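Read off the chains here:
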Amino acid sequence: MTTKTLRFYEASGLLPATERATNGYRDYGADITARLDFIRRSRTAGLTLAQIRDILQIRDVGEAPCMHVRDLLARQLADLDRQIGELVALRATVAEFHDAASEPDLAACDPDRICSYL
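### Things to note about the nonpolar core
Here is a general trend for soluble globular proteins: nonpolar side chains tend to be buried in one another's company. Counting residues in hydrophobic clusters, the biggest one holds 13 residues, and the most contacted among them are Tyr9, Leu14, Leu15, Leu36, Ile39 and Ile52. For this core, the secondary structure elements donating two or more residues are helix H1 (3-11), helix H2 (30-44) and helix H3 (49-60). In terms of residues, this core owes the most to one element, H3, which gives four residues. In contact with Leu36, other than residues within four places in its own chain, are Met1, Leu6, Tyr9 and Leu15.

What follows is the structure, encoded as C-alpha cells:
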C-alpha cells in the first residue's frame, strides 16, 4: 500500500496511530500488518470503508464480528445478483439496438429523429 493510503486509513480510524521510529518513519508491527491485510481482503469483497470500520470497531472492543460480517456478505451477494440482473437486461437491450443497426437502411432513416437505432 502507498504511504498516502496508510495515512488515509489512519485518519479514517481504520488504523490506530502508529509510533514512529527514530528516523521518523512509521513503524508498523505484525498486528497492523494483519489489520491491513484484513482491510485489503474486505475491499476485495466489495465492502465499503464504513463497513470495514464497523467490523474493526466490533473486534477492537473484544467481540467477534463474524455474524456481522456474514450479514454484510449476504447483503453484498444480494446486491451483486441484482446488479448482474440489471446488466443482463441492459445487454439484451443494447444487443437489440445493435442488431437493428447491423442492417442499416439509410433511406428509412426518419429525419425527425436524431437516430433511428436508439
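Now, onward.
### Observations concerning the pattern of salt bridges
Summed over all chains, the structure comprises six salt bridges. Across the pair Asp60 and Arg35 runs a salt bridge, and its minimum N-O distance is 2.8 Å. With Asp60 in helix H3 and Arg35 in helix H2, this pair connects stretches of sequence that are 25 residues apart. The salt bridge partner of Arg82 is Glu86, with a shortest N-O separation of 3.0 Å. Pair noted here: Arg82 and Glu86 are both in helix H4 (residues 66-102), with a separation of four residues, about one helical turn.

Cut-off values and rules
Residues numbered from 1 in each chain as written. Predicted model: local features only at pLDDT ≥ 70, side-chain atom pairs only at ≥ 80, totals over all residues. Heavy atoms only, no water. Core = buried A, V, L, I, M, F, W, Y, C linked by side-chain atoms within 4.5 Å. Buried < 20%, exposed > 50% of the residue type's maximum accessible area, 1.4 Å probe, protein only. Helix = DSSP H or I, 4+ residues; strand = E, 2+ residues; numbered from the N terminus. Contact = heavy atoms within 4.5 Å. Salt bridge = Lys/Arg side-chain N within 4 Å of Asp/Glu carboxyl O.

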